[in-house]
Amino acid sequence: MILSKLVFAQNTITVSGVFKENYRAVRLSNEVNRLLFIKTKGHLKLPEYGNGYFLNLTKEDAARVGFDDILVIPLRSEIYQSDKNLVKLDLVQLSENEPSVFYTKQSKADSEATYGTKIFENPSLKDTVDWNEITQADLLYTKQWIDNLDNEKQVMLKSYILYDTDKGSGSSVQFAKIMMKELAKERLHRVNNLFTGDRREWTKKQWQVWFQKTINYQEPTLKDCNPNQHSISQIYKYNDGNTMIFGTDHSSGKIIGAQMLSYNVDRYQGRQMVVIDSSKDAKYDYYTGLQKQVYNIRAFESVDKNLYFFDYYGNWSFFEFYTVENHYVFKAKKEISIPESAGRRADSYVEQLQTSEKLTYAITKNDKTKEFYALVLKTQTGENLITRSLKDILGNTAINYRKNFELVDLKYGLKSSNDFVFGIKQGDEYYLVKTDEKLENVKCIKTTKALRHSTLFVHDKTIDLLKSDHNNLLKISFDKGLTNQLSEQHKSIENWYYDEDGLVVYDGSNYKLFAPLKLEQHSGIELLTLSSDLEITNKQCVYQFLPLEVPEYTNMMHLQYAAKVNNNWWLLFRQESSLKYVKIN
């Protein structure tokens, strides 16, 4: 609030600070460059190297502005980072949506070209324009160049011819006549490339309409999309992908995230589990103290506030929740028993898990014999009720167990204790397999490679496979007995966010898609309600932000988990090193 009043009352703010040498540079996104274009009404020189720089403010200015560090975008000369140089700058705030981002105020000298403005008023052959200046990446005089798109008057164009002969190499200056409209078309290439769409064949009138609309753009307050948004900082320690798994305890209304701890466990000491209280929105807790770390976890269930973990090495662990202390306490860990017929237990690893409050289904692989075994486990005790080899389970199906056999990674959209559903790839063919809780009644149907990484929803009469693959949504429906494929539907979603996948959920009546979107000036997430034939019947804004940097994995959004708790949807996603979560009413 202090900063907003300060900046907008005076338009500019003068601050002092140091561009520290150990601070990183920020490669500015197209969204930022477009916003700079809008703020300067199409008359600016973008930073020479495309970077913004963090300025460490003096104590006095930090107290006045409200930030220790701010991001500065240099529209004047390029910035040099030095711990010794105290600089004083006149700055303009870029956006209310990013209150700690500023650009340097342009002086008259910063925003002029050598050819000056006279060339637009009355161009003639007395005027000379340097080709190098025309092809530079600056965006000066955009309106004037648009107004000259039909101007056939000529000016002199100065260019340079490079030569390399047996007698030597060098350059020579060349002058030629060129019409203003040809120069204008060349200059506007930079504007065309900055914004989405193709305007290369547009008329002067079309350009003028677009330009007026663009510079009159009123930036929305992005947080108004959904005020129920929160962030847990520094929860991700690495640049790699999904290091956390998630679940919901419906008895307490809490959402739980747990680090899988496959490696470098010391960095997560006391921070393996984070619990979000849905009744208090912004309330979250790390569980430390008596908490014992569990390594290489692959799945867990939360039942009546207690936690039950299953890990890659075939161990079951139990954490009891102490209500008075508001704390999880480690109670037990044991090896899941495996019959001798399945080979040495030390050689077996868990390849797949389907959990529910009552039963957990697992598939293990013996690393020595290469045999797969299916297990039925009691979730709350880790007791092994049944073990059968996949060879026996698949004996009466069309699958040749010995030929190029591998499991297919699946996600489960609905919890089920009565059916175990899993996927198999044999050679180039894919199969969906379903068996009962005794691993006896086996059904199998051939399907497509879309099975991989899809989400399964097992209903009373159908089994639906849904997959959000970038902007393509696929739904394949089978009858419950896997005797027939009932339908296959496709839906393409507009304005998709790079190559990220969405999250498909089911609310008891409709499928919904948490869709990451990328628009001209901002990015965000929408919750789309889908009809039975995948038509979008409702859209709800979930989250919006202004991307500051060129997209890389570490600064992009990555959707992680969604759950419905107490009639509200909750979405958790990763952005940079933070875990963000939003409540959707």
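### As for the overall build of the protein
Point 1. In terms of regular secondary structure, the protein is built from 9 helices and 38 strands.
Point 2. In terms of its C-alpha atoms, the protein occupies a principal-axis envelope of roughly 95 × 55 × 55 Å.
Point 3. Across the 585 residues of the protein, 52% fall into the buried class.
Point 4. A fraction of 56% describes how many contacts in the protein between residues 6 or more apart in sequence connect residues 24 or more apart.
Point 5. In the form shown here, the protein has an accessible surface area of approximately 28,600 Å², with 45% of it arising from carbon and sulfur atoms.
Point 6. In the protein, the 76 positive side-chain charges and the 75 negative ones have mean positions that sit 1 Å from each other.

### Considerations on the nonpolar core
Point 1. Among the nonpolar cores identified, the biggest contains 42 residues, and F37, I73, Y115, W145 and L183 are the most heavily contacted of them.
Point 2. Ranked by residues supplied to this core, first place goes to helix α7 (residues 180-194) with 6 residues.
Point 3. Among all residues touching Y115, those that are not within four sequence positions of it are F120, T128, V129, E133, I134, Y141, W145 and R187.

### With respect to empty space enclosed by the protein
Point 1. With the rule as written, the count across this model stands at 5 cavities of 30 Å³ or more.
Point 2. Approximately 70 Å³ is the volume found for the largest cavity.
Point 3. Lining the largest cavity are 13 residues, with G314, I336, V350, A362 and L377 positioned closest to its centre.
Point 4. At the level of secondary structure, the elements contributing two or more residues to the lining of the largest cavity comprise β16 (306-311), β19 (348-355), β20 (359-366) and β21 (372-378).
Point 5. Here the residues of the lining of the largest cavity sort into 8 nonpolar, 3 polar and 2 charged.

### Quick notes on the state of the cysteines
Point 1. Scanning the model with the defined rule gives 1 disulfide in all.
Point 2. In this model C225 forms its disulfide with C541; the gap between the sulfur atoms is 1.9 Å. With the S-S dihedral at roughly -110°, the linkage between C225 and C541 falls on the left-handed side. Of this pair, C225 sits in the loop between α8 (204-215) and β10 (229-232) while C541 sits in strand β35 (residues 536-545), and the two are 316 residues apart along the sequence.

### Side note on the sheet that holds strand β34 (residues 523-530)
Point 1. With antiparallel pairing, the 4 strands of this open sheet are ordered in space as β32-β33-β34-β35. Two strands lie at the open edges of the sheet, namely β32 (503-506) and β35, each paired on one side alone. Here the average twist between neighbouring strands, direction ignored, is 25°.
Point 2. Bridge count for β32 against strand β33 (residues 511-518) is 4 bridges, and the pairing is antiparallel. Across the sheet, residue V505 finds its bridge partner in β33, namely K512.

### Comments concerning the side chain of T214
Point 1. Structurally, the position occupied by T214 is in helix α8.
Point 2. According to the relative accessible area criterion, T214 is buried, its value standing at 10%.
Point 3. Excluding anything up to four places from it in sequence, T214 contacts F37, I38 and F195.

### Structural notes on the pairing of strand β17 (residues 315-322)
Point 1. The buried fraction of β17 is high, at 6 of 8 residues.
Point 2. Note that β16 and β17 share 4 bridges and pair antiparallel. Each residue of the ladder has a partner; that of L307, found in β17, is F319.
Point 3. Examined bridge by bridge, β17 and strand β18 (residues 327-335) share 8 bridges and lie antiparallel to one another. Following the sheet pairing, W316 is matched in β18 by K334.
Point 4. Between the end of β17 and the start of β18, which pair antiparallel, lie 4 residues, with N326 showing a positive phi angle near 55°.

### A look at the packing of aromatic side chains
Point 1. What the rule picks out here adds up to 29 aromatic pairs.
Point 2. A ring pair is formed by F37 and W210, whose centres lie 6.3 Å apart and whose planes are at 45°; its orientation type is tilted. Of the two residues, F37 is situated in helix α2 (residues 30-39) and W210 in helix α8; the sequence distance between them amounts to 173 residues.
Point 3. On the basis of an interplanar angle of 55° and a centroid distance of 5.0 Å, the ring pair of Y506 and Y511 is categorised as tilted.
Point 4. Aromatic ring contacts, followed pair by pair, group F37, F195, W202, W207, W210 and F211 into a single cluster.
Point 5. Over the face of the ring belonging to W202 we find R199, whose NZ or CZ atom lies 5.8 Å from the ring centre.
Point 6. Over the ring of W316 we find K334; its NZ or CZ atom is 5.3 Å from the centre of that ring.

Conventions we followed
Residues numbered from 1 in each chain as written. Predicted model: local features only at pLDDT ≥ 70, side-chain atom pairs only at ≥ 80, totals over all residues. Heavy atoms only, no water. Helix = DSSP H or I, 4+ residues; strand = E, 2+ residues; numbered from the N terminus. Buried < 20%, exposed > 50% of the residue type's maximum accessible area, 1.4 Å probe, protein only. Contact = heavy atoms within 4.5 Å. Areas by Shrake-Rupley, 256 points an atom, 1.4 Å probe, with all protein chains shown as cover. Lys, Arg positive; Asp, Glu negative; His and termini not counted. Charge placed at Lys NZ, Arg CZ, Asp CG, Glu CD. Core = buried A, V, L, I, M, F, W, Y, C linked by side-chain atoms within 4.5 Å. 1 Å grid on protein atoms, 1.4 Å probe; cavity = no way out; pocket = protein on both sides within 12 Å on 5 of 7 lines; lining within 4 Å. Points joined across faces, edges and corners; volume = space filled by probe spheres on them. Nonpolar A, V, L, I, M, F, W, Y, C, P; charged D, E, K, R; others polar. Disulfide = S-S within 2.5 Å. Pairing = 2+ DSSP bridges. Axes fitted to C-alpha atoms, helices over the stretch in contact; angles between N-to-C directions. Phe/Tyr/Trp six-rings, centres within 6.5 Å; stacked < 30°, edge-to-face > 60°. Lys NZ or Arg CZ within 6 Å of the ring centre and 35° of its normal.

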